[in-house]
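What follows is each chain in one-letter form.
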Amino acid sequence: MEYKRKRVAVVGGGLVGSLNACFLARRGFEVHLYEYRGDIRQMAQVQGRSINLALAERGRCALRGIGIETKLIATGIPMYGRMIHDLDRKRRPIPYGKKDQYNLSMDRRKLNEDLLTNAESFANVHLHFDHKIVSCSLDSGKMVFERSDGSQVETEAELVIGCDGAYSTVRSHMMRQQRFDYSQEYIPHAYKELCLRPNDGKFAMEINYLHIWPRSTFMLIALPNQDKTFTCTIFMPWQNFDEIRSRDDCLQFFRTHFPDFVDLMGEKNLLNDYFQVSPQPLVSIKCEPYHVGRTVIMGDAAHAMVPFHGQGMNAGFEDCLIFDRILDVTGNDFVKALPEFTKTRNADAKAICDLSMRNYIEVRYYKQ
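About the thresholds
Residues numbered from 1 in each chain as written. Predicted model: local features only at pLDDT ≥ 70, side-chain atom pairs only at ≥ 80, totals over all residues. Heavy atoms only, no water. Helix = DSSP H or I, 4+ residues; strand = E, 2+ residues; numbered from the N terminus. Contact = heavy atoms within 4.5 Å. Axes fitted to C-alpha atoms, helices over the stretch in contact; angles between N-to-C directions. Parallel < 35°, antiparallel > 145°, perpendicular 65-115°, else oblique. Left-handed = near helix turned anticlockwise from the far one by under 90°. Nonpolar A, V, L, I, M, F, W, Y, C, P; charged D, E, K, R; others polar. Buried < 20%, exposed > 50% of the residue type's maximum accessible area, 1.4 Å probe, protein only. Disulfide = S-S within 2.5 Å.

## As for the side chain of Lys 6
- You can see Lys 6 is positioned in the segment before strand S1 (7–11).
- Non-local contacts of Lys 6, meaning those with residues more than four positions away in its chain, are made with Phe 29, Glu 30, Glu 158, Asn 332, Asp 333 and Phe 334.

So this is what it looks like as structure tokens:
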């Protein structure tokens, strides 16, 4: 059939890009996935964010739609609710819903690797690592990529899908067009990650929860990992980070606001982890439309959101599923499918961005 010969370029080999490649390959398209990094499956350490992911039903539905849910969630850890850590060291579980309802704590890198491997299993998928997009003609589908040795590669596709993250190069080309609306908001809070190690080879806290230390203007969270560690993230205003300059400042702050966490973490590990990295910003991005010419954006490139509702990855996965269903309805007609994707998805994605922002207020202000 004719559509099987259509060439599709996916820019960005992260979570959304690699899942998109799977959906598109199943339709028989010739899929070329371009990633600016090397193959993360071959790396000792991976550049980029490492905030753990909470895989919810929104995201699982997309994995189910491509037939890989069972395989990919095998390494996830169920979280049946939130475990609130009060200042007086008491803990209060708050279930997400019914006893059989849960989110899954997923390792970002492991999930990305599995999605890349699944995409690579299709004979019509071609993975191009070390390809950083330099320019993109939205109407013609012509693109230029640069490799780490400085050489450039020119190519083109009948459909270009930008899945290249919150600082998307594909979207930056769209922003040069008339009547393209764009807004971004850096919230006055930042984050740092810490690692809570096992205690005598066992999880240091209850395993099947998202742990939260709400402290009104800031908070600490922890998600469980398969190696019995917890990935912990502290979110607070930049001013608070600026005021913690010394080891004594750090210990005093955590002893005052998170005394039970200091006991679990240990002072040495806390200090080593805290001063190992700089605080990172948090941004929320909205734009419209999601398509120009034969180009469309998805995931964080279209609707980056703060992580407090746990829906960034899930919404990106849902983008892939919705676009796949639109291709069904339009008979793989890209001219019809792209505006329909904007029409179908834009309002909902903006709403999720707003909910994510509002949820930060909710979780920080759980009653003590």
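## Topic: the packing of helix H1 (residues 15–26) against helix H11 (residues 312–330)
- Between H1 and H11, the shortest axis-to-axis distance is 9 Å and the interhelical angle comes to 20°. Taken as axis vectors, H1 and H11 run roughly parallel relative to one another. Judged by the twist between their axes, the crossing of H1 over H11 is right-handed. Contact residues: H1 offers Leu 15, Val 16, Leu 19, Asn 20, Phe 23, Leu 24 and Arg 26, while H11 offers Met 313, Gly 316, Phe 317, Cys 320, Leu 321, Phe 323, Asp 324 and Leu 327.
- When its residues are assigned to classes, the contact of H1 with H11 shows 11 nonpolar, two polar and two charged.

## As for unusual backbone geometry
- Note that the residue after Glu 288, namely Pro 289, is joined by a cis bond; omega there is 0°.
- With respect to the element layout, Pro 289 can be found in the loop between strand S17 (280–288) and strand S18 (291–292).
- One non-glycine residue with positive phi stands out, namely Ser 216, at about 70°.
- Counting through the fold element by element, Ser 216 comes out in the loop between strand S14 (210–214) and strand S15 (219–224).
- The exposure class assigned to Ser 216 is partly exposed, which follows from its relative accessible area of 30%.

## Overview of the packing of H11 against helix H12 (residues 334–364)
- Across the interface, H11 lies against H12 with an axial gap of 9 Å and an inter-helix angle of 145°. You can see that H11 and H12 cross each other, and the crossing is right-handed. Across the interface between the two elements, Ala 315, Glu 318, Asp 319, Ile 322, Phe 323, Ile 326, Leu 327 and Thr 330 of H11 pack against Phe 334, Lys 336, Ala 337, Leu 338, Glu 340, Phe 341, Thr 344, Arg 345 and Ile 352 of H12.
- Its residues assigned to classes, the contact of H11 with H12 comprises 10 nonpolar, two polar and five charged.

## Side note on the state of the cysteines
- A complete count under the given rule lists zero disulfides for this structure.
- Cysteine Cys 163 shares no disulfide, and the gap to the nearest cysteine sulfur, in Cys 320, comes to 6.1 Å.
- Judged by its relative accessible area of 10%, Cys 163 is buried.

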